[in-house]
Structures are given as C-alpha cells and as structure tokens.
Amino acid sequence: MNAVRAYHQSAVSEENLHKLRLSKSETEGLFLRDIHCPYCGYLVERVFSDITGHKMIFCKKCKEEYPVNLGYFRRVRHGRPRPHTGGRPRQRR
C-alpha cells in the first residue's frame, strides 16, 4: 500500500473569495492573543484582539472541554503584543 493519496479541493466561489479577502483586510491592525488551558497551560486557541464573549474550548493535552470568557484572558504576559503578520509563529513552551 504505497499509493499516494490525492486530495481534491473544490473550487471556491467568487463570493467566498471576496469574503476571505475582506476578512483578511479587516485583521490588518489587530493583534493575536494566545488562549492557554487553565489546567495544564497548553496553547488551545489563538484569537484576534477584537474578539469578545464566551467560547467552548477543548484542550488536546488534558482532554478537558470547558467554556471560557474571553474577557478574562486578555492579559499580555510578555511585553507588547505583536501585530498579526500572516505567518504562523512558533509555539512558546
């Protein structure tokens, strides 16, 4: 079974491409925040600075699922937040 799998991606409509471009342009001035698991400290989510409300979070490390109020997790721990550059930075441990 050394066959290579070929995944076929369906074509994205022009309307959805427009929405994706618009969403990307709206995040230009925003910062990314890391949401860590309160039980084990594992990085469970990365959210933009304008997000508010509650979210259900699942930690892949300790297998816990719990609701998180994103307003309680706004503290920046290491200096100033970096602007979103589009690339995926390395995960801190």
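In short, a report on the structure. Values in this document were obtained by computation on a predicted structure and should not be read as measured data.

**Quick notes on the overall build of the protein**
- What the protein contains, in helices and strands, is one helix and four strands.
- Order of helices (α) and strands (β) in the protein, N terminus to C terminus: α-β-β-β-β.
- The buried share of the protein, reckoned over its 93 residues, is 16%.
- A separation of at least 24 residues holds for 27% of the contacts in the protein among residues at least 6 apart in sequence.
- Summed over its atoms, the accessible surface of the protein is roughly 8500 Å², and 52% of this surface lies on carbon and sulfur atoms.

**Side note on the nonpolar core**
- With nine residues, the main nonpolar core is built from Ile-35, Cys-37, Val-44, Val-47, Ile-57, Cys-59, Tyr-66, Val-68 and Leu-70.
- Of all elements in the fold, only β2 (43-48) and β4 (65-69) reach the threshold of two or more residues within this core.
- Ignoring sequence-local partners within four residues, the contact set of Leu-70 consists of Arg-33, Ile-35, Ile-51, Thr-52, Gly-53 and Lys-55.

**Describing the packing of aromatic side chains**
- A complete count under the given rule lists one aromatic pair for this structure.
- Where Tyr-39 meets Tyr-66, the ring centres are 5.5 Å apart and the plane angle is 80 degrees; that geometry is what we call edge-to-face. Separated by 27 residues along the polypeptide, Tyr-39 in the loop between β1 (32-36) and β2 and Tyr-66 in strand β4 bring together distant segments of the chain.

**Here's the deal with the pattern of salt bridges**
- Taken as a whole, this structure holds three salt bridges when the rule is applied.
- As a salt-bridge pair, Lys-55 and Glu-45 come within 3.2 Å of each other at their nearest N and O atoms. Remark: Glu-45 occurs in strand β2 and Lys-55 occurs in strand β3 (residues 54-58); sequence separation between them is 10 residues.
- Owing to a relative accessible area of 28%, Lys-55 belongs among the partly exposed residues under this scheme.
- Among the residues examined, Glu-45 registers a relative accessible area of 25% and is labelled partly exposed.

**Topic: the side chain of Arg-33**
- Mapped onto the secondary structure, Arg-33 falls in strand β1.
- Despite its burial, Arg-33 pairs with no opposite charge, the nearest such side chain being Asp-50 at 8.0 Å.

Cut-off values and rules
- Residues numbered from 1 in each chain as written.
- Predicted model: local features only at pLDDT ≥ 70, side-chain atom pairs only at ≥ 80, totals over all residues.
- Heavy atoms only, no water.
- Helix = DSSP H or I, 4+ residues; strand = E, 2+ residues; numbered from the N terminus.
- Buried < 20%, exposed > 50% of the residue type's maximum accessible area, 1.4 Å probe, protein only.
- Contact = heavy atoms within 4.5 Å.
- Areas by Shrake-Rupley, 256 points an atom, 1.4 Å probe, with all protein chains shown as cover.
- Core = buried A, V, L, I, M, F, W, Y, C linked by side-chain atoms within 4.5 Å.
- Phe/Tyr/Trp six-rings, centres within 6.5 Å; stacked < 30°, edge-to-face > 60°.
- Salt bridge = Lys/Arg side-chain N within 4 Å of Asp/Glu carboxyl O.
- Lys, Arg positive; Asp, Glu negative; His and termini not counted.

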